[in-house]
Protein chains: 2
Amino acid sequence: MASTMHDVAKLAGVSIKTVSNVINDYQYLKPETRQKVLDAIERLGYRPNLSARGLRSGRTGVISLIIPTITNAYFAELADEVMRAADAKGLSVIIEQSNGDRDRELSLLTGPRTSMIDGILYSVLGLREEEAHLLANIDTPIVLLGDRIFNGPTDHVAMQNSASTRAATAYLLSLGRKRVVAFGAHSGEVIGSAGLRLDGYREALAEARVAFDPSLVIEVYEWFRSDGARAMRALLDSGVAFDGIVAFNDLIGLGAMRVMQEAGIRIPEDVAVVGFDDIDETRYSLPSLTTINPGKDEIARVAVQFLQERIAQGAHAIAPREYLAAFSLVERESTAVAS
Amino acid sequence: MASTMHDVAKLAGVSIKTVSNVINDYQYLKPETRQKVLDAIERLGYRPNLSARGLRSGRTGVISLIIPTITNAYFAELADEVMRAADAKGLSVIIEQSNGDRDRELSLLTGPRTSMIDGILYSVLGLREEEAHLLANIDTPIVLLGDRIFNGPTDHVAMQNSASTRAATAYLLSLGRKRVVAFGAHSGEVIGSAGLRLDGYREALAEARVAFDPSLVIEVYEWFRSDGARAMRALLDSGVAFDGIVAFNDLIGLGAMRVMQEAGIRIPEDVAVVGFDDIDETRYSLPSLTTINPGKDEIARVAVQFLQERIAQGAHAIAPREYLAAFSLVERESTAVAS
DNA sequence: CTGAAAGCGCTTACAG
DNA sequence: CTGAAAGCGCTTACAG
């Protein structure tokens, strides 16, 4: 059997309360008492039983991260940052994949496993903004990520979608591109990444007094590489002319680049491309992809910080907060000015 | 407060033991008793407290997956498969990133968090085979993944490294390639992915009676995209001629392809390339990458199955098992015979 | 600064 | 087929 606090207490000649005090860094301890206990812990190889601690204190030190899928590089990189931020605070992370399914998201937020986690980082994809009130009844602290729900009943850490694509579009226009495609729209979507990113695109056009051309708005419903490739094939078949692309994520931008190159289109000479996410791959694609760095690291750090504060204070103790991470445009070869 | 078994028992008019029996699917229950309890659970929205269950039973339903980093697509896809397999068995997965650091791996295997997990899937990178005996003293059930430790004191689920690169090399030779590069070697490594994959390469050469040329063995220490790109630049600078590449993972193969294409080398006409891992991206690269599918899904499924059996029977109750997953060669454009 | 007692919510023998 | 009791290993008031 693994040793318990009682064993440590006996060996050190103190009560188990004192052992608990040492483990929990209680400050008013005689240095020699503390040392005796530490020695006993060392000798016995004692490790606290986290289930017992969890049962008694209501805290397990585990948070969950709900994301659509880890196989999307953006979410893998986000998960990496979240795990680093959590680790720095002594928290473990359980990852749950929702596939963006609303019902699965809800069951992950309320299911039996929530009894052993302190809080949830919830990257919303399936739940709709009108349903956000459902979150108010959940007593597990939640911090929302992503762009589906704003002004909900919980903390929310988001990226600057509109401002980012506005900057990307303005950048292409500043390079002299005349017909810039918005690549990745979801028709009818108002909020959500696609809707917000389209807003930014339109804002930049308006600002530059360039007429909005609906034929340059390309729908791409899923945002995997293959979807981008497929949409680009259709665009080329349609015969619509264009010389710039603002892709609403990197993967569809990369898929589109591939199809254009097969068709003999040169990047950036014929078409300049900007992506969104700054996934690692964009540094090594051919050509490397100019993209928006949406501030994943900051999002992860702030989200874990917010969640920790919620856990300490109670799920709904303080008013919901909104936080927007800083973004930047990363210039690479796909928009390099031809020399 | 959340409701407890006592609340359910009171509402249903039974003892808490009966509630426990219902929850744990004990078979000898009167259907009507069972239904009364289920109704009470439903009405109260009762969810079992997993910390309490963990404390009492010693099982938490959580396993951990130790991998070097989730940002490597291979491990992200492996984690995806592991989470699916675990989910199907009602298990949650905590992911821990080791960065391949030996000391961190060991501390993850024995640290305080192990008190709240039932078992560990350990993708070994830092620990060396001669240290495998350290695993024998760990009382948490462990299933090893990867290619650093064979015949250790725990179950092990691995891919067929040598047989895979042997098939890949033989395939390139069968296409008429004369100078095939082994791309990704680690000099001096005997076991480990790089060593085993180099073995397979040599076996295929021997089998085809092609002389082994050390100048065609290219060292790539880390296996990220940028490392492959760097190594390929050096290879091109060296002037060594080649017409085929067996890349020891997809990422370095993709990095190498990019550099070759910049240099005007045509793939597959001038150089045919085979990768290893079958990550999603290989389907959409330009050209798409012929690669080895090492059987990630089978590895994940068997590993979770083995771990669950270990958890049920005790960490060292049955003799250690070795399992090799089936692999396949996936033919794509990077080796397509020129028409 | 440290101790003795209670109890978190389950499951596990043990009865019957 | 179901019940009453004990106890898993901690932390939390409460004393002193």
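Here the structure is a predicted model, which means the values were calculated and not measured. (Residues numbered from 1 in each chain as written. Chains lettered and ligands numbered in written order. Predicted model: local features only at pLDDT ≥ 70, side-chain atom pairs only at ≥ 80, totals over all residues.)

**Regarding the interface of chain A and chain B**
Next, step 1: Taken residue by residue, the interface counts 35 residues in chain A and 37 residues in chain B.
Next, step 2: Listing elements by their share of the side of chain A that touches chain B, those giving two or more residues are α4 (50-57), α5 (73-88), β2 (92-97), α9 (225-238) and α10 (250-262) of chain A.
Next, step 3: Across the side of chain A that touches chain B, the residue classes tally to 16 nonpolar, 12 polar and seven charged. (Contact = placed C-beta atoms within 7 Å. Helix = DSSP H or I, 4+ residues; strand = E, 2+ residues; numbered from the N terminus. Nonpolar A, V, L, I, M, F, W, Y, C, P; charged D, E, K, R; others polar.)

**Remarks on the sheet that holds strand β9 (residues 272-276) of chain B**
All names here are of chain B.
Next, step 1: Judged by pairing direction, the sheet is mixed, and its six strands sit side by side in the order β7-β6-β8-β9-β10-β12 without closing on themselves. Unpaired on one side and paired on the other, β7 (217-219) and β12 (328-330) mark the two borders of the sheet. Strand-to-strand, the axes of this sheet are offset by a mean angle of 20°, without reference to chain direction.
Next, step 2: Of the pairings in the sheet, the one linking β9 to strand β10 (residues 290-293) comprises three bridges and is parallel in character. Its bridge partner being in β10, Phe 276 is matched across the sheet by Ile 292.
Next, step 3: On top of the sheet, helix α8 (residues 193-207) reaches β6 (180-185), β7 and β8 (244-247); it is set at about 165° to β6, its chief contact. (Pairing = 2+ DSSP bridges. Axes fitted to C-alpha atoms, helices over the stretch in contact; angles between N-to-C directions.)

**Quick notes on α5 of chain A**
Next, step 1: Taking 1.5 Å per residue, 16 residues should reach 22 Å; α5 of chain A reaches 23 Å between its end C-alpha atoms and fits that length.
Next, step 2: Burial runs high along α5 of chain A: 12 of the 16 residues are buried.
Next, step 3: Those residues of α5 of chain A that sit buried are Ala 73, Tyr 74, Phe 75, Ala 76, Glu 77, Leu 78, Ala 79, Asp 80, Val 82, Met 83, Ala 85 and Ala 86 of chain A.
Next, step 4: Along its buried surface, α5 of chain A packs onto β1 (62-67), β2, β3 (119-123) and α11 (296-313) of chain A together with α5 (73-88) and β2 (92-97) of chain B.
Next, step 5: Looking one or two residues beyond α5 of chain A, the residue adopting positive phi is Gly 90 of chain A, at roughly 75°. (Expected span 1.5 Å × (residues − 1). Buried ≥ 20, exposed ≤ 12 C-beta atoms within 10 Å, placed from the backbone.)

**What to know about the relation of the copies chain A and chain B**
Next, step 1: Mapping chain A onto chain B calls for a screw motion: a turn of 180° about the axis and a shift of 0.0 Å along it, with 0.1 Å RMSD after fitting. On the angle and the small slide along the axis, the relation comes out as a two-fold axis.
Next, step 2: Here 100% of the contact residues of chain A are again contact residues in chain B; the copies associate through an equivalent surface. (Least-squares fit on C-alpha atoms with pLDDT ≥ 70 in both.)

**As for the protein's contact with DNA strand D**
Next, step 1: Close to DNA strand D lie 25 residues; Met 5, Asn 49 and Ala 52 of chain A together with Ser 15 and Thr 33 of chain B are nearest.
Next, step 2: Looking at the surface near DNA strand D, the elements that each hand over two or more residues are α2 (16-23) and α4 of chain A together with α2 (16-23) and α4 (50-57) of chain B.
Next, step 3: When residues in the surface near DNA strand D are grouped by element, the largest group, five residues, is from α4 of chain A. (Near = placed C-beta within 6 Å.)

**A word on the domain arrangement of chain A**
Residues and elements named next belong to chain A.
Next, step 1: When cut into domains, chain A gives domain 1 (5-48), domain 2 (61-159 + 296-326) and domain 3 (161-293).
Next, step 2: Here the C-alpha centroids of domain 2 and domain 3 sit 29 Å apart.
Next, step 3: Classifying every residue of the side of domain 2 that touches domain 3 gives four nonpolar, no polar and four charged. (Domains from an automatic or database assignment.)

**Some remarks on the protein's contact with DNA strand C**
Next, step 1: As a structural note, the neighbourhood of DNA strand C is formed by 26 residues, with Ser 15 and Thr 33 of chain A together with Met 5, Asn 49 and Ala 52 of chain B the closest of them.
Next, step 2: Those elements giving two or more residues to the surface near DNA strand C turn out to be α2 and α4 of chain A together with α2 and α4 of chain B.
Next, step 3: The element best represented in the surface near DNA strand C is α4 of chain B, accounting for five residues.
Next, step 4: Within the surface near DNA strand C, the residues separate by chemical class into 11 nonpolar, nine polar and six charged.

**Looking at the environment of Ser 92 of chain B**
Next, step 1: Along the polypeptide, Ser 92 of chain B turns up in strand β2.
Next, step 2: For Ser 92 of chain B, a count of 23 C-beta atoms within 10 Å puts it in the buried group.
Next, step 3: The spatial distance from the C-alpha of Ser 92 of chain B to the C-alpha of Ile 117 of chain B is 9.4 Å, given a sequence separation of 25 residues.
Next, step 4: Excluding anything up to four places from it in sequence, Ser 92 of chain B contacts Ile 94 and Arg 113 of chain A together with Gly 61, Val 62 and Ala 86 of chain B.

**Concerning the packing of α2 of chain A against helix α3 (residues 31-44) of chain A**
Residue and element names in this part refer to chain A.
Next, step 1: Relative orientation of the contacting elements α2 and α3 amounts to 90°, with a least axis distance of 10 Å. In terms of orientation, α2 lies roughly perpendicular with respect to α3. For the pair α2 and α3, contact is made by Thr 18, Val 19 and Val 22 and by Thr 33, Arg 34, Val 37 and Leu 38, respectively.
Next, step 2: Of the residues in the contact of α2 with α3, the class split is four nonpolar, two polar and one charged. (Parallel < 35°, antiparallel > 145°, perpendicular 65-115°, else oblique.)

**Some details on the sheet that holds strand β7 (residues 217-219) of chain A**
Residues and elements named next belong to chain A.
Next, step 1: Taking strand neighbours across the sheet as the criterion, the six strands line up as β7-β6-β8-β9-β10-β12 in an open arrangement whose pairing is mixed. Strand pairing shows two members of the sheet lacking a second neighbour, β7 and β12 (328-330), which therefore form its edges. With direction set aside, neighbouring strand axes in the sheet form an average angle of 20°.
Next, step 2: For strand β8 (residues 244-247) and strand β9 (residues 272-276), the ladder comprises three bridges, and the chain directions are parallel. Counterpart to Ile 245 in the pairing with β9 is Val 273.

**With respect to unusual backbone geometry**
Next, step 1: In this chain, Leu 286 of chain A is followed by Pro 287 of chain A through a cis amide linkage whose omega measures -5°.
Next, step 2: In this fold, Pro 287 of chain A is placed in the loop between β9 and β10 (290-293).
Next, step 3: A cis geometry characterises the amide bond from Ile 267 of chain B onward to Pro 268 of chain B, with omega recorded as 10°.
Next, step 4: Looking at the secondary structure, you find Pro 268 of chain B in the loop between α10 (250-262) and β9.

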